[in-house]
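# Coordinate inspection notes
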Amino acid sequence: MSDERAKVVIIGAGFGGIEAAKALHRAPVEVTVIDRQNHHCFQPLLYQVATAALSPADVAWPIRHILRKQKNATVLMAEVHAIDTTKRRVQIDSVSIPYDYLVLATGATHSYFGHDEWAEVAPGLKRIEDATRVRRRILIAFERAELATDAAERQRLLTFAIVGGGATGVEMAGAISEVARQSLAMDFRRIDPTTARIVLIEAGPRIMPTFPQNLSDYIRHTLAKKGVEVVTSTRVMSCDAHGVELEHGRLDADTIIWAAGVVASPAARWLDAQHDRAGRVKVGPDLSVPTHPNVFVVGDTAAVTDQPGIPGTAPPAKQMGRYVGRLIGARMTGGPLPPPFRYRHMGDLATIGRQAAVVKLGRFELTGFLGWLFWSVVHIYFLIEARDRFIVAFTWLWGYVTFQRGARLITEVPLVERN
Ligand SMILES: Cc1cc2nc3c(=O)[nH]c(=O)nc-3n(C[C@H](O)[C@H](O)[C@H](O)COP(=O)(O)OP(=O)(O)OC[C@H]3O[C@@H](n4cnc5c(N)ncnc54)[C@H](O)[C@@H]3O)c2cc1C
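Below is a short write-up of the structure. All figures in this text were calculated on a predicted structure; none of them were measured in a lab. (Residues numbered from 1 in each chain as written. Predicted model: local features only at pLDDT ≥ 70, side-chain atom pairs only at ≥ 80, totals over all residues. Heavy atoms only, no water.)

Within strand E21 (residues 292-297), five of the six residues are buried, which leaves it mostly tucked inside the rest of the structure. Bridge analysis of strand E9 (residues 101-104) against E21 gives three bridges, and the strand direction is parallel. Within the sheet, the bridge partner assigned to Val103 lies in E21 and is Phe296. As defined by bridge partners, strand E20 (residues 288-289) adjoins E21 across two bridges and the pair is classed as antiparallel. Within E21, the position partnered with Ser288 by the bridge is Phe296. (Buried < 20%, exposed > 50% of the residue type's maximum accessible area, 1.4 Å probe, protein only. Helix = DSSP H or I, 4+ residues; strand = E, 2+ residues; numbered from the N terminus. Pairing = 2+ DSSP bridges.)

Between its first and last C-alpha, helix H6 (residues 167-183) extends 22 Å over 17 residues, near the 24 Å set by a 1.5 Å rise per residue. Buried residues dominate H6, accounting for 13 of its 17 residues. (Expected span 1.5 Å × (residues − 1).)

Here we take up the packing of helix H1 (residues 15-23) against helix H9 (residues 314-333). The description of two packed helices rests on the angle between their axes and on the distance between the axes. At a minimum axis distance of 7 Å, the contact between H1 and H9 shows a crossing angle of 30°. Taken together, the axes of H1 and H9 are roughly parallel relative to one another. Here the hand of the crossing between H1 and H9 comes out right-handed. Contacts from Phe15, Gly16, Glu19, Ala20 and Ala23 of H1 reach H9 at Ala314, Ala317, Lys318, Gly321, Arg322, Gly325 and Arg326. Looking at the contact of H1 with H9 residue by residue, the class counts come to five nonpolar, three polar and four charged. (Axes fitted to C-alpha atoms, helices over the stretch in contact; angles between N-to-C directions. Parallel < 35°, antiparallel > 145°, perpendicular 65-115°, else oblique. Left-handed = near helix turned anticlockwise from the far one by under 90°. Contact = heavy atoms within 4.5 Å. Nonpolar A, V, L, I, M, F, W, Y, C, P; charged D, E, K, R; others polar.)

Reading across from one edge, E13-E12-E11-E17 is the order of the four strands in this open sheet, with parallel pairing throughout. Every interior strand has two partners, whereas the edge strands, strand E13 (228-231) and strand E17 (255-258), have only one. The average undirected angle you get between the axes of adjacent strands in this sheet is 20°. As judged from the five bridges shared by strand E11 (residues 159-163) and strand E12 (residues 197-201), these two strands associate in the parallel manner. Counted as the bridge partner of Val163 is Ile201 from E12. Against the sheet, H6 contacts E11, E12, E13 and E17, and its axis sits at roughly 175° relative to E12.

Another aspect to go through is the sheet that holds strand E15 (residues 243-246). One key point about sheets: their strands pair by backbone hydrogen bonds, in either a parallel or an antiparallel sense. Strands sit in the order E14-E15-E16 across an open sheet of three strands; the sheet is antiparallel. Looking at the sheet topology across the chains shown, the edges are occupied by strand E14 (236-240) and strand E16 (249-252). Strand after strand, the sheet turns through a mean of 15° between neighbouring axes, direction not considered. Pairing between E14 and E15: four bridges, direction antiparallel.

Below you can see the structure in the form of structure tokens.
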């Protein structure tokens, strides 16, 4: 490969970064993709790993494997800590990587609203490790309840608090209810798993506020039928190892899952660039940083100044990544430059569990089994590798028919470990 080729460095191999790299497939550039993980994670299905329906390898694939056929792409596993925009170098560990174009696609993480100490007792879902940690906690809670002799302690162990009534909170609440009421229902002798309390706590007046009122009501009603208690207009004041302090009282719970807020990766700090309240870098219509025209930001880390309200979901991240890849490619080949980026909203989907999901595509709405079928097909379609599509489809079908959750192993942890 010639040294004269422009160097494009992409930080982050999530939805945005992978699309950017792929869009540069034919461009006369050297692409370097840097990620702190060796795998791309399909985050929309993490809750299925956390509730033992899928295994980690069903929802994550090695980045090297995804880009193996792209000869102009090199993958480096490393954590980025700083960027020198003057010298145009990315700092990883003890070395620095030069760039001509830089694409930042480092995503977002949980926000504990200034209380990072809650992370220890109330893990969120972002990485594979988070999902297996939450899975371990849920399964261990049932095991410890089986051992408990005190009734109040048993009830506390069988109480699951989920903080945040957005898509992840709703999915987790629905799935934990199914674990308790179906998958584990007959597996214990001293406890009745179906008596587990699952409480979904939302600070706002309704859950899933991005959906219209009728669909939000449907979700609440469906959760109630699954035995989930939905508490709205209630803020969490603090979390500890034994439960949650709410605005209006206390909830004793052994398992707390945080699904309440997100904050962008520290890309704005690395670039010393302007950012919004969620820490997202403010970018112009071509997704470049105004002070650094050769630096682009995509996905959850970007706030497109002239299009406020772009959701922090996979489709915009993919659209932005693809756009920037094409833009850089066009600059390299001297081809026509694409018009300013425009996000195309395809619709909203959320699942509440077996046979229940909501779909909103423009005016078209689906709920119930048809919604769930649509949700399943879309998610399986968007899984990257054909092999995984098949495995996930088969695993879901099997779980659907048998009510079983196959990935229920508790590994590498003593029974008393809390984290
Ligand atoms: C639990 C959960 C459920 C979700 N469900 C849905 C859903 O159903 N539908 C939907 O559309 N969206 C969903 N989302 C949101 C969607 O996953 C994100 O919007 C999307 O992943 C954003 O893509 P991205 O490329 O910006 O960042 P990400 O996909 O998060 O990728 C960021 C990458 O950057 C890497 N990285 C971060 N910092 C560094 C660093 N310092 N150095 C090196 N590498 C770094 C990370 O390892 C990661 O691979 C969900 C998210 C979560 C967490």
